[in-house]
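Fold and contact review
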Amino acid sequence: MENHAHAATHDMANHAGHGHEHHHEHPKLSFIEKYVFSMDHKMISKQFLFTAMFMALAAAIMSTLFRLQLAWPGESFHVMHYFLGDRWAKGGILDPNMYLGLVTIHGTIMVFFLLTGGLSGTFANLLIPLQVGARDMASPMLNMLSYWFFLIASIIMMISLCVETGPASAGWTIYPPLSALPQAIPGSGAGMTLWLSSISLFVVSSLLGGLNYIVTVLNLRTKGMKMTRMPLTIWALLITAVLGVLSFPVLFGAAILLIFDRSFGTSFYLSDIYIGGQALSQTGGSPVLFEHLFWFLGHPEVYIVIMPAFGIISEVMSINARKPIFGYRAMIGSMLAIAFLAFIVWGHHMFVSGMNPFLGSVFVFTTLLIAIPSAIKAFNYITTLWKGNIIFNPQMLFVIGAVSTFISGGLTGIILADSALDVAVHGTYFVVAHFHIVMGLSAVLAMFGGVYHWFPKMFGRFMNKKLGYWHFWMTFICAYGVFLPMHFIGLAGVPRRYFNNDLYPAFDKLQHLNVIISVFAIIGVLSQFIFFINFFYSIFKGPKSEQNPWNANTLEWTTPIVPEHGNWPGALPEVHRWAYDYSKPGKDVDFIPQTVPMEEGEMDEGEHM
């Protein structure tokens, strides 16, 4: 009976799919309907990618400007004046208030607009319907709104750089009371208000997208696509969406309360504050409350960033090692464990906030515990590579590089997880180095790998391989050139976010390391133009792709080269096996797509591994 019901449902879905497809065949969409207010998940994916690339470029330019200041404090640079004008770089010398603003907006863009919106928005939109066998997202309208909220949030964040008093300047974590008092510093005025408005809209975008992703994965899988047959990319994006839906509302609440403190005289975060010798009227609040709310999002946010990267790494690595991913079920279990533990480790960001030492010890334990599922993933990636028939194309290099940085960055996390050791390096460049390598760099490298891998599906063409190799090696070498020396200046006590360290003669001997870091940072930023040139040239002039260029098993490669809205021209595909049947013993070919029926006696590895 159940089978008949399932078959009937499937037929209805196919019929609905054909109707949907028929609807799009005859009335041709206008330019605005197809490219601007599009409801096609693949076009929305490209919109997220293009917007994130622009924001990343802006953030990279900001990092170049403040690294020039840190390497050569007080020096005049024409490029500084070119970008910032007389108001913030008179004579080519960076203003200290704008320095704080550049650091704040750089961090905000990279964490939220590139690594969260850009990574999940691009790959969840592109892959979820294609890899689960759906015509589109559960709600194409909400999907379109998700992008438009993201775009408006991005525009407001960029506008905040142009206000007269400067952008938000309290760091990307915007701790009060600095961010709660408009009169505290110039960047706490209109720039801070725009920052809060932008982030509030960004949270709306993330929630609309996340709910859509969850419903699509749970309800719109094609016939035969059991949960144990889903590619790890889909598992990763599903878990990411759940993390976002549970944690982003907390940031939204924290931002709303901060707006109340700034504009309506409340004191959620303020108490006993003196400015210019005058006591403010607010009493009874606590800035530590904001820290709890912010980091309750902020630590799941680390995994919202890295989880899609795990999915991309799993997919690209298995395809290019020509081997099944090692420990499929262990990989799923480790991602679920990481997602659970992500919600009970936020206090490790607050060891120096006056936290009760017993409570601190609980957070030490849970933070060290999260290393276990993370290590499972790392070992499984290494084992997947072991004795594989590895194809070293650009995307494979990028995902191997991402595993490398995740391991090396994770090792320094053990130091920061220990409350006694954390006190010594908290607020120094050691922390900057750690989270840039383990979260930022790993996710960026995986994102590049994903772009190189799915570029043929997005645009029907290949990116240039030689330029891809140049891009990888320059990015990888420069990244370690930037963040490895940062550990040493951090251990020596050099504080983060300082405009310069001239007042501390003890740090004079370390200035040459700041120069080395800045030189690598500038070369690293310039090397990204290799990617931009390769990307935009290849969209129009790259070699044309065939339908399944990588000999992959997943469903997106069973569609036409560049699918129309609706994805499959006929009936939806039916799935018979898991996504990782590569180099299966006894088979003549080294890959077996998910749509190929099982032979008698053949084992479905997804059910057992």
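Look a little higher up for the structure.
Here we summarise the structure given alongside this text.

What counts as what
Residues numbered from 1 in each chain as written. Predicted model: local features only at pLDDT ≥ 70, side-chain atom pairs only at ≥ 80, totals over all residues. Heavy atoms only, no water. Helix = DSSP H or I, 4+ residues; strand = E, 2+ residues; numbered from the N terminus. Rg over C-alpha atoms; globule rule 2.2 N^0.38 Å. Buried < 20%, exposed > 50% of the residue type's maximum accessible area, 1.4 Å probe, protein only. Contact = heavy atoms within 4.5 Å. Areas by Shrake-Rupley, 256 points an atom, 1.4 Å probe, with all protein chains shown as cover. Lys, Arg positive; Asp, Glu negative; His and termini not counted. Charge placed at Lys NZ, Arg CZ, Asp CG, Glu CD. Core = buried A, V, L, I, M, F, W, Y, C linked by side-chain atoms within 4.5 Å. 1 Å grid on protein atoms, 1.4 Å probe; cavity = no way out; pocket = protein on both sides within 12 Å on 5 of 7 lines; lining within 4 Å. Points joined across faces, edges and corners; volume = space filled by probe spheres on them. Nonpolar A, V, L, I, M, F, W, Y, C, P; charged D, E, K, R; others polar. Phe/Tyr/Trp six-rings, centres within 6.5 Å; stacked < 30°, edge-to-face > 60°. Lys NZ or Arg CZ within 6 Å of the ring centre and 35° of its normal. Axes fitted to C-alpha atoms, helices over the stretch in contact; angles between N-to-C directions. Parallel < 35°, antiparallel > 145°, perpendicular 65-115°, else oblique. Left-handed = near helix turned anticlockwise from the far one by under 90°.

Remarks on the overall build of the chain
What the chain contains, in helices and strands, is 18 helices and 2 strands. Relative to the compact-globule value of 25 Å for 609 residues, the chain shows a C-alpha radius of gyration of 25 Å, a close match. Along the first, second and third principal axes, the C-alpha atoms of the chain reach 80 × 55 × 50 Å. Considering the chain as a whole, with its 609 residues, one finds that 57% of them fall into the buried category. A separation threshold of at least 6 residues defines the contact pool for the chain, and within that pool the share at least 24 residues apart is 79%. Accessible area of the chain: about 24700 Å², with a carbon and sulfur share of 70%. Measuring between centres, the 30 positive side-chain charges of the chain sit 6 Å from its 33 negative side-chain charges.

A short note on the nonpolar core
F112, F113 and F535 are the most contacted members of the largest nonpolar core, which totals 175 residues. Residue contributions to this core peak at 19 residues, all from helix α16 (residues 429-459).

A word on empty space enclosed by the protein
One pass over the full model with this rule turns up 2 cavities of 30 Å³ or more. The computed volume of the largest cavity comes to approximately 1100 Å³. Around the largest cavity, the lining comprises 45 residues; the ones closest to its centre are S63, H106, M110, H436 and F483. Top element by residues in the lining of the largest cavity is α16. It accounts for 11 residues. Residue classes in the lining of the largest cavity are distributed as 34 nonpolar, 8 polar and 3 charged. Lining the second largest cavity are 20 residues, and of these T116, S120, S206, G210 and Y213 lie nearest its centre. When residues of the lining of the second largest cavity are traced back to their parent elements, those giving at least two are α6 (117-132), α7 (140-159), α8 (190-219) and α9 (232-263). In terms of residues, the lining of the second largest cavity owes the most to one element, α8, which gives 6 residues.

Here we look at the packing of aromatic side chains
Taken as a whole and judged by the stated rule, the model has 54 aromatic pairs. Over the face of the ring belonging to W88 we find R87, whose NZ or CZ atom lies 4.1 Å from the ring centre. The lysine or arginine in question, K377, covers the ring of F310, its NZ or CZ lying 5.0 Å from the ring centre.

Looking at the packing of helix α3 (residues 41-71) against helix α5 (residues 96-114)
The geometry of α3 relative to α5 is characterised by a closest axis approach of 9 Å and an angle of 150 degrees between their N-to-C directions. For the element pair α3 / α5, the angle class is roughly antiparallel. Here α3 runs over α5; the crossing is left-handed. Each of A52, M55, A56, A59, M62, S63, L65, F66, Q69 and L70 in α3 lies in contact with α5, whose residues at this interface are Y99, L102, V103, I105, H106, I109, M110, F113 and L114. Along the lines of polarity and charge, the residues of the contact of α3 with α5 split into 16 nonpolar, 3 polar and no charged.

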